[in-house]
Structure formats: C-alpha cells, structure tokens
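# Report on the structure
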Amino acid sequence: LGPLLVPWIQQLKDAGHEPILLKDGSPAHTSRIAMEYLSVQHMNKFSWPGQSPDINAIEHVWPWVRRHITKDFHPSTC
C-alpha cells in the first residue's frame, strides 16, 4: 500500500470510521505484502469483479468523451 494510503487509512480509523477496501483481484490487491498488511490492520475487504463499471467512474464517462472528441471530426477525403 502506498505511502499516502496508509496514513489516510489510519486517519479514518482514528476518526472512528471503519474503512473497507474494495478489491478486484488486481496484483496490487493480491500481493503478499498487501494481504499481510490488511490482515495485521484487520481491514475489512470487499471483493468485486475486475473491470466492473459499478466502481470505476471513468467507465461511465467514456461514451461522453468519445462523442465530445469526435463531434467535429470529418474523415479525410485525400
């Protein structure tokens, strides 16, 4: 877990919140060191399917980005 994430998790715990890690099976979530940290810190884990648009906000934005970028596009006639 990154150097910014660990202090943030601790701040949440100190404030009385119980953080839950939403994990999707990516290597960063399943590495030995990450799993050991989560076990030692008694972090709640919630497994989720990889590439799920429900937790990945950018997935909902792509259609808009595509329309915005291509609205003035005219194919080359050369």
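What you see as residue numbers is a count from 1 along each chain, following the sequence as written. In view of the model being predicted, local features appear only for residues whose pLDDT reaches at least 70, and side-chain atom pairs are presented and counted only at 80 or more, with totals across whole chains, interfaces and linings using the full set of residues. Water and hydrogen atoms were dropped before computing side-chain values, which therefore reflect all heavy atoms in the structure.

## Some points on the overall build of the chain
Our working definition: Note on conventions: DSSP H or I runs of at least 4 residues are helices, E runs of at least 2 residues are strands, and numbering of each starts at the N terminus. Buried, partly exposed and exposed residues are distinguished by accessible area as a fraction of the type maximum, computed with a 1.4 Å probe on protein chains only: under 20%, between the cut-offs, and over 50%, respectively. Whether two residues are in contact is decided by their heavy atoms: any pair within 4.5 Å suffices. All accessible-area figures derive from a Shrake-Rupley calculation using a 1.4 Å probe, and residue coverage is judged against the displayed protein chains alone.
Broken down by element type, the chain carries four helices and two strands. Every one of the 78 residues in the chain was classed for burial, and the buried ones make up 14%. The long-range share in the chain, meaning contacts at least 24 apart out of those at least 6 apart in sequence, stands at 58%. Element-wise, carbon and sulfur atoms account for 62% of the exposed surface of the chain, whose accessible area totals about 6,400 Å².

## Some thoughts on the nonpolar core
What counts here: The nonpolar core is taken to be a set of buried Ala, Val, Leu, Ile, Met, Phe, Trp, Tyr and Cys residues, with the residues joined through side-chain atoms within 4.5 Å.
In this structure, Ile9, Leu21, Tyr37, Leu38 and Met43 together form the largest nonpolar core, which totals five residues. Sequence-distant contacts of methionine 43, defined by excluding residues within four places in its chain, comprise Ile9, Lys13, Pro19, Leu21 and Leu38.

## Remarks on the confidence of the model for the chain
Put simply, the rule is: Scored from 0 to 100, pLDDT records how confident the predictor is in each individual residue.
Per-residue pLDDT for the chain has a mean of 78; in total, 85% of the residues score no lower than 70. Ranking the helices and strands of the chain by mean pLDDT puts helix 1 (residues 5-14) first, with 85, and helix 2 (residues 27-30) last, with 76.

## Some details on the pattern of salt bridges
Close approach of charged atoms allows side chains with opposite charge to pair. Quick note on the threshold: Salt bridges are defined by distance alone: a side-chain nitrogen of Lys or Arg within 4 Å of a carboxyl oxygen of Asp or Glu.
A full pass over the atoms with the stated rule returns one salt bridge. The partner of glutamate 36 in a salt bridge is arginine 32, with the nearest N and O atoms 3.2 Å apart. Linking glutamate 36 with arginine 32, this pair stays in helix 3 (residues 32-40), spanning four residues, or about one helical turn.

## Regarding helix 3
Applied cut-off: Note: the arc covers the axis-to-C-beta directions of the helix.
Those residues of helix 3 that fall on the buried side of the exposure criterion are Ala34, Tyr37 and Leu38. On an axial view of helix 3, the arc spanned by its buried residues comes to 95 degrees, and they lie on one face. Facing away from the buried surface of helix 3 by more than 90 degrees, the exposed residues are Arg32, Ile33 and Val40. Looking at the buried residues of helix 3, the elements they touch are helix 1, strand 1 (20-23), helix 2 and strand 2 (44-47).

## Some details on a nonpolar patch on the surface
The criterion, for reference: For patches, a residue must show more than 30% relative accessible area and have no salt bridge; joins then use 9 Å for like charges and 5 Å for nonpolar side chains, namely Val, Leu, Ile, Met, Phe, Trp and Tyr.
On the surface, Ile20, Leu22 and Phe46 cluster together into a nonpolar patch covering about 280 Å² of accessible area. On the secondary structure map, leucine 22 appears in strand 1.

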